[in-house]
Amino acid sequence: MSFEQTLMYFAAPALCGLKSANLISAKPAASSAQILSQWNKELSPSGKRIVLIRRSKSLNLLFVYDKNILYQTLSGSSQILYLKQKGYPVAKGMDALLAELFHRLACQPSFPHEIGLFLGYPLEDVICFEKDGGRMSKYSGMWQVYGNVEEARRQMQLYRQCSANCRNYLDMGMNIPYISTHYKSIVTGGIGQ
């Protein structure tokens, strides 16, 4: 699978404005900073971004996010309180929250549990997973679900369909920035608009 196919397989929901963020692993040679820089220039007007985080010499992480959706996801009072309890600088705004998350992803040996909140998982699911490690979840899919199973299944199906659509569009010759910025019109039949 090419770098572009991998990115679309794992990050299409965030690239297409359906999810706050996706996190994927990539080998350093595959995750070219030059191509990411070009894509970020093209994605910037839509509020989407791909951030390269060096985890180790042999592993990069790509945090793909939609700034508008992420802001909505993290702006609830319960989410803010949770992040504050985790030591995040909530009073300094979204950029400071992201900087702290990226620092933790780069420097901590294990992933911080709060990453689930940034990825758009319900706060209840994030907190319960942190407490029991997935052992008592009601459903297991793209994440461990403790709350509303039907809503989680619906969201997961939406994300799977988006990824499948995007892989097909990539195979048709569309590039990632085009797919990302035109996804909704392409899906509704407005290819080329």
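First things first, this report covers the structure right here in the doc. Worth saying up front: this structure is predicted, and the values here are computed from it rather than measured.

Brief notes about the packing of aromatic side chains
- Taken as a whole, this structure holds 7 aromatic pairs when the rule is applied.
- Ring centres 5.9 Å apart and planes at 5° place the aromatic pair F3 and W39 in the stacked group. Residue F3 is located in helix 1 (residues 3–15), and its partner W39 is located in helix 2 (residues 33–43); the two are separated by 36 residues in the primary sequence. Take F3 and W39: they sit in the same class, and that class is buried.
- Their ring planes at 20° and their centres at 4.8 Å tell us that Y121 and W143 sit as a pair that is stacked. Residue Y121 is found in the loop between helix 6 (115–118) and helix 7 (123–132), and its partner W143 is found in the loop between strand 4 (139–140) and strand 5 (144–145); the two are separated by 22 residues along the sequence.
- Assessed through its relative accessible area of 17%, Y121 is described here as buried.
- Through successive ring pairs, a cluster of aromatic residues spans F63, Y65 and F102.
- Lying over the aromatic face of Y159, K19 brings its terminal NZ or CZ to 5.8 Å of the ring centre.

Some remarks on the environment of L18
- Position of L18 among the secondary structure elements: in the loop between helix 1 and strand 1 (21–26).
- In this structure, the C-alpha to C-alpha distance between L18 and I69, residues 51 residues apart in sequence, is 8.1 Å.

Describing the nonpolar core
- Within the largest apolar cluster, 30 residues are counted, with the highest numbers of intra-cluster contacts made by F63 and F118.
- Elements that contribute at least two residues to this core include exactly strand 2 (48–56), strand 3 (59–66), helix 3 (67–74), helix 4 (77–85), helix 5 (94–107), helix 6, helix 7 and helix 8 (149–171).
- When residues of this core are assigned to their parent elements, the largest contribution, 6 residues, is made by helix 5.
- Here F118 is in contact with S20, A21, F63, L70, L74, L83, Y88, L97, L98 and L101, once residues within four sequence places are set aside.

Side note on the sheet that holds strand 3
- Ordered in space as 1-3-2, the 3 strands form an open sheet in which the pairing is antiparallel. Of all strands in the sheet, those bounded by a partner on one side alone are strand 1 and strand 2. Averaged over all pairs of adjacent strands, the angle between strand axes in this sheet comes to 20°, irrespective of strand direction.
- Where strand 1 lies against strand 3, 6 bridges are found, and the strand directions are antiparallel. The partner of L23 across the bridge, within strand 3, is F63.
- Lying on the sheet, helix 5 is in contact with strand 1, strand 2 and strand 3; it crosses strand 2 at an angle near 30°.

Basis of the calculations
Residues numbered from 1 in each chain as written. Predicted model: local features only at pLDDT ≥ 70, side-chain atom pairs only at ≥ 80, totals over all residues. Heavy atoms only, no water. Phe/Tyr/Trp six-rings, centres within 6.5 Å; stacked < 30°, edge-to-face > 60°. Helix = DSSP H or I, 4+ residues; strand = E, 2+ residues; numbered from the N terminus. Buried < 20%, exposed > 50% of the residue type's maximum accessible area, 1.4 Å probe, protein only. Lys NZ or Arg CZ within 6 Å of the ring centre and 35° of its normal. Core = buried A, V, L, I, M, F, W, Y, C linked by side-chain atoms within 4.5 Å. Contact = heavy atoms within 4.5 Å. Pairing = 2+ DSSP bridges. Axes fitted to C-alpha atoms, helices over the stretch in contact; angles between N-to-C directions.

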